[in-house]
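Architecture at a glance
Here's the letter readout for the chains.
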Amino acid sequence: MTDNQLKLAKLGFGFKSGGVHTARTMMFEELESLLEAVSDPAAPRSEYREAAVGQNCLAKKTDSNRKLTYSNLASLYSLEPSNVLFRALRYFW
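Residues numbered from 1 in each chain as written. Predicted model: local features only at pLDDT ≥ 70, side-chain atom pairs only at ≥ 80, totals over all residues. Heavy atoms only, no water.

1. A short note on the overall build of the protein chain
Where we set the bar: Under the DSSP-based scheme used, a helix requires at least four consecutive residues in state H or I and a strand at least two consecutive residues in state E, with every element numbered from the N terminus. Note on classification: 1.4 Å probe, protein chains only; a residue is buried when its accessible area is under 20% of the maximum for its type, exposed when over 50%, partly exposed between these limits. The contact rule is simple, with two residues in contact once any of their heavy atoms fall within 4.5 Å.
A count of helical and extended segments in the protein chain gives five helices and zero strands. Beginning at the N terminus, the succession of helices and strands in the protein chain can be written as α-α-α-α-α. A total of 93 residues make up the protein chain; the buried ones form 29% of that total. Look at the contacts in the protein chain between residues 6 or more apart in sequence, and 57% of them connect residues 24 or more apart.

See the structure below:
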């Protein structure tokens, strides 16, 4: 990684190739449902997982689809309150 990429990675930007980013999806409907289900901006990542997988706030038909959708959302948006970009997203959402 270059020095600039390292600096951006510290802020929460990712540089992995492939995955959900190449699928060209933003998953806004799922993100909106998840953020409504977890109203506390300081909630740990585990609460987002519990809402998506355990409580099925995303209304997925199968457990495997719940897990995959949660994984994709976590890859796209971090869902980690210690991540500066995610905190900004929560603030402005």
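Once you've had a look at it, read on.
2. Some thoughts on the nonpolar core
Our working definition: Only buried residues count toward a nonpolar core. Its members are Ala, Val, Leu, Ile, Met, Phe, Trp, Tyr and Cys residues joined through side-chain atoms within 4.5 Å.
Ranked by size, the top nonpolar core spans 18 residues in total, and within it Leu34, Tyr48, Tyr70, Leu73 and Leu79 carry the most contacts. Among the secondary structure elements, those contributing two or more residues to this core are helix H2 (28-37), helix H3 (45-54) and helix H4 (63-77). Here this core gets five residues from one element, more than from any other, and that element is H4. The residues touching tyrosine 70, leaving out its near neighbours within four places in the chain, are Arg45, Tyr48, Arg49, Ala52, Val53 and Leu79.

3. Considerations on unusual backbone geometry
Residue asparagine 56 is not a glycine yet carries a positive backbone phi of 55°. Positionally, asparagine 56 belongs in the loop between H3 and H4. Positive phi values are uncommon outside glycine, yet leucine 79 reaches one of about 55°. Along the chain, leucine 79 turns up in the loop between H4 and helix H5 (84-92). Leucine 79 sits in the buried class, given a relative accessible area of 0%.

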